[in-house]
Amino acid sequence: MSTAIGAGTAPAPTAAPPAAHRRRDTTRWDVQGLRAFAVLAVVVYHLWPRALPGGFVGVDVFFVISGYLITGHLLREQVATGRIALARFWARRAKRLLPGAFLTIAATGAAVLAVVPSALWSQYGRELIASTVYVQNWELAASAVDYLDAENKPSPFQHFWSLSVEEQFYIALPVLLILLTAALRRRLAPATTARLLLGSVAVLSFAWSLHQTATSPDVAYFSTATRAWEFALGGLAATLTLPRARTTRARAVRLATATVGAVALVVSLAVIHPSTPFPGVAAVLPVVGATLLVTFGASTVFESIGALRPVAFTGRVSYALYLWHWPFVVIVPIVLGHAMNDLTKAAVLVVAYGIAAVTTVFVEEPLRFSRWVAALRPRRVAVLGVVGSLVVVALGASTLAAVHVQEQQAAASTQHVRSGAVRCFGAAAAIGTAKPCTDPALADIRVPAPAAAAKDDPNKLACWNTVFRVCALGKTTGYTKRFVALGDSHNNALIGAYDELGREQGWRIDLSGSGGCYLTTARQDAPDDATTNACTEWKHQAIAYVQEHRSELAGVLVTHSSSLRQVEPPAGESQADATVQGMVDAWQQAAGDRLPVIAIRDNPVAREDVILCVSRMSGATDDSCDRPRADALTPTDHSAEAVAAFRAAGGRATLVDFTDLYCTEYVCPPVIGGVLVYRDSSHVTRTWAATLVPYLARAVESTVAAR
């Protein structure tokens with residue numbers, strides 16, 4: 001939380017007297033106490049989310065404090081000197097923030113290389129680099145909407161998103177103040193100019209926050225544009241000069257207003273939950289509460305609370321505590337191989353606090369207040385910052401390079417085994433059939449490498465959108481038959497197989513995929529109305545497309561995830577019946593009784609940590625990561641029942657069930673015939689899908705032939 005967290009002292013308003021307990025000290029101890037409150041809220045939430053469901057709003061409190069402090073610093077400089085020295089301002093920020101941030105990132109990166117399975121190195125390496133250059137919020141926003149990254153797990157660098165937002169604020173605010181001052185030709189006082197700027201930012205940003213929280217909540221959470229109003233409110237508070245509280249009534253009003261702010265903060269911890277659309281309207285409660293406290297908290301009991309030694313010291317180390325606690329939250333469970341219990345969480349809290357205290361007292365503050373650092377000119381600070389960034393970025397680049405080497409080795413292994421020199425590769429192992437195939441040469445082969453599994457995805461942007469559109473696979477000209485494949489991400493996971501199938505058979509396969517959306521007329525659950533409406537529109541267009549091209553098509557291929565975005569049944573109807581009827585209705589509208597529907601049963605669902613589990617294997621593949629068949633096969637697919645009902649209604653349909661290629665009688669392994677089946681807990685790899693092609697070809701040919 002950079003300046004907001006443990007960033008040193010916060011000067012008291014010039015109109016207010018010094019705090020009684022520190023007559024010569026201008027430190028705003030109420031703000032220091034607010035820092036302590038905010039960082040503890042965040043840390044406790046990360047460790048015990050059920051105990052403090054709204055603890056993540058501590059980040060919003062930090063944003064308000066940052067807006068208040070930085071605006072105050074800039075205004076005082078502008079009043080005293082008539083200008084804002086950009087280079088000197090940014091140099092001060094770098095001296096304060098970079099040592100602690102770089103130390104944490106470097107130590108965490110080293111820990112990742114030492115104890116974290118290589119399956120996570122690619123994601124962690126990218127986020128390490130993004131955190132170092134303070135664009136982590138945009139990296140996470142992109143991952144939130146990127147199909148390829150949708151299954152990413154929290155990384156030990158994820159908390160740098162808020163620091164990135166703050167750094168972007170530090171860059172933008174002084175520049176905008178300078179530009180606006182120049183545009184107005186200094187006609188307004190600095191405080192008035194700042195009010196004009198920050199007021200406009202607050203209104204526009206809040207309006208955008210409401211819109212984007214409703215339409216793209218994942219992006220809204222990390223976006224600088226949706227958070228700017230929080231800084232702006234804190235900045236507006238810094239432009240106010242409160243009169244001295246000379247009377248008992250005035251002091252009572254100030255205390256009462258600050259208390260309202262404190263109550264709003266405490267209430268927000270309880271009434272706001274992770275499921276609450278955020279930041280949006282919900283963020284008003286903690287943001288306004290924090291703004292009231294920084295505005296009216298001086299010379300009240302909140303200063304006395306903030307000056308208490310434990311509170312003051314926690315505020316002092318809050319920046320370091322925020323930096324250090326989250327890597328432990330992510331890495332410790334990976335090392336243990338299971339979730340932390342309360343005792344382990346308490347130990348993490350103590351250790352993180354201890355490291356925060358040590359690094360603050362013996363690293364950050366000695367550097368910050370040393371004469372050598374103070375004497376550094378902005379140009380030299382910039383050079384040192386760039387050098388430090390490059391050193392830390394090199395650590396992230398090394399993880400990406402290691403992943404690249406694994407990818408190359410896995411690709412070479414795949415090419416070798418697919419050349420025909422090795423039998424029983426992938427689905428050809430037929431592990432659940434009467435005649436399974438085994439080849440000792442595949443005992444210690446696992447391709448793709450777990451570190452490269454996430455990238456072993458054939459999906460294409462041209463085939464994937466909330467707006468219906470098709471991409472052509474296989475033989476796109478001179479084809480003998482034409483099919484259409486429709487469904488969600490599980491359908492798109494088969495793109496490589498469809499493409500190879502089409503090329504081998506001389507077929508064209510048109511494909512369209514939409515996130516969590518498949519060919520059904522039933523309503524599916526969704527995080528918001530916008531997603532539901534987009535899915536409904538996609539379904540209508542998919543049905544219309546099949547109807548329009550009935551005379552040209554030989555069949556319709558459908559599949560969908562059985563574990564995500566399930567059907568919402570109408571009142572009085574079971575979910576199973578609603579799921580079956582939704583598919584049958586859609587098939588009847590699209591294919592009628594003329595086109596055959598080829599329904600591919602969904603793949604089994606692996607254990608949540610499947611990639612990490614496989615990446616820990618060495619030597620021959622074992623059964624430590626297998627999942628019981630009964631657990632892996634979710635009961636909500638209902639493709640078989642839909643096929644039977646569609647046939648009974650006069651339609652043509654075939655069920656393609658590859659379960660016996662995925663599972664034995666008892667378990668569903670993640671590695672079959674030397675192939676890593678899954679790239680996450682739900683989606684299959686391109687390599688595995690390619691081994692299904694012979695079986696898919698036979699199923700489609702037999703369906704089309706049975707006229």
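Here we summarise the structure given alongside this text. (Residues numbered from 1 in each chain as written. Predicted model: local features only at pLDDT ≥ 70, side-chain atom pairs only at ≥ 80, totals over all residues. Heavy atoms only, no water.)

**Considerations on the environment of threonine 300**
- For threonine 300, the location among the structural elements is in the loop between α11 (284-296) and α12 (301-307).
- Separated by 238 residues in the primary sequence, threonine 300 and phenylalanine 62 have C-alpha atoms spaced 21 Å apart.
- Not counting residues within four places of it along the chain, the set of residues in contact with threonine 300 comprises Arg254 and Leu255.
- Within the local environment of threonine 300, its side chain forms a polar contact with the backbone oxygen of glycine 297, the two atoms lying 2.6 Å apart. (Helix = DSSP H or I, 4+ residues; strand = E, 2+ residues; numbered from the N terminus. Contact = heavy atoms within 4.5 Å. Polar contact = N/O pair within 3.5 Å; in protein donor to acceptor, adjacent residues only side chain to side chain.)

**Some thoughts on helix α27 (residues 693-705)**
- Here α27 contains 13 residues, and its C-alpha end-to-end distance of 18 Å stays within 8% of the 18 Å for a straight helix at 1.5 Å per residue.
- For α27, the full list of buried residues reads Val693, Leu696, Ala697, Ala699, Val700, Thr703 and Val704. For α27, the angular spread of buried residues about the axis comes to 170°, placing them on one side. Away from its buried face, by an angle of more than 90 degrees, α27 presents the exposed residues Arg698 and Ala705. (Expected span 1.5 Å × (residues − 1). Buried < 20%, exposed > 50% of the residue type's maximum accessible area, 1.4 Å probe, protein only. Arc of directions from axis to C-beta.)

**Some words on the pairing of strand β2 (residues 481-487)**
- Counting buried positions along β2 yields six of seven residues, so the element is predominantly enclosed.
- As defined by bridge partners, β2 adjoins strand β4 (residues 555-559) across five bridges and the pair is classed as parallel. Residue pairing across strands places phenylalanine 483 opposite glycine 555, the latter belonging to β4. (Pairing = 2+ DSSP bridges.)

**Here we look at helix α10 (residues 248-271)**
- Spanning 24 residues, α10 covers 34 Å between terminal C-alpha atoms, matching the ideal 34 Å at 1.5 Å per step.
- Within α10, the full set of buried residues consists of Arg254, Ala258, Gly261, Ala262, Ala264, Leu265, Ser268 and Leu269.
- Those residues of α10 that are buried are in contact with α1 (29-47), α2 (58-81), α11 and α12.

**Concerning the packing of aromatic side chains**
- Scanning the model with the defined rule gives 18 aromatic pairs in all.
- On the numbers, 4.9 Å between centres and 70° between planes, the contact of phenylalanine 206 with tryptophan 229 is edge-to-face. Taken as a pair, phenylalanine 206 in helix α7 (residues 190-215) and tryptophan 229 in helix α9 (residues 224-238) lie far apart in primary sequence, 23 residues in all.
- Exposure remark for phenylalanine 206: the relative accessible area of 24% places this residue in the partly exposed category.
- Given the relative accessible area of 4%, tryptophan 229 is considered buried.
- Grouped by ring-pair contacts, the aromatic residues Tyr45, Phe56, Phe63, Trp161, Phe169, Tyr170, Tyr221, Phe222, Phe231 and Phe278 constitute a single cluster.
- Its guanidinium or amino end placed over the ring of tyrosine 221, arginine 227 lies 4.6 Å from that ring's centre, counting from NZ or CZ. (Phe/Tyr/Trp six-rings, centres within 6.5 Å; stacked < 30°, edge-to-face > 60°. Lys NZ or Arg CZ within 6 Å of the ring centre and 35° of its normal.)

**Some remarks on the side chain of threonine 295**
- As for its placement among the helices and strands, threonine 295 is situated in helix α11.
- Engagement of the side chain of threonine 295 in a polar contact is seen with the backbone oxygen of threonine 291, the distance being 2.6 Å.
- Ignoring anything within four residues of it in the chain, the contact list for threonine 295 reads Ala237, Leu240 and Leu242.

**So, empty space enclosed by the protein**
- Going through the model one piece at a time under the given rule, you end up with seven cavities of 30 Å³ or more.
- Reported here for the largest cavity is a volume of approximately 100 Å³.
- Lining the largest cavity, in full, are His490, Ala493, Leu494, Thr559, Ile600, Arg601, Asp602, Asn603, Phe658, Tyr662, Val684 and Leu692.
- In terms of residue class, the lining of the largest cavity is built from seven nonpolar, three polar and two charged.
- For the second largest cavity, the calculated volume is near 70 Å³.
- The wall of the second largest cavity is formed by Tyr518, His560, Ser561, Ser562, Leu564, Arg565, Gln566, Val567, Gln575, Thr579 and Thr636.
- A per-class count over the lining of the second largest cavity returns three nonpolar, seven polar and one charged. (1 Å grid on protein atoms, 1.4 Å probe; cavity = no way out; pocket = protein on both sides within 12 Å on 5 of 7 lines; lining within 4 Å. Points joined across faces, edges and corners; volume = space filled by probe spheres on them. Nonpolar A, V, L, I, M, F, W, Y, C, P; charged D, E, K, R; others polar.)

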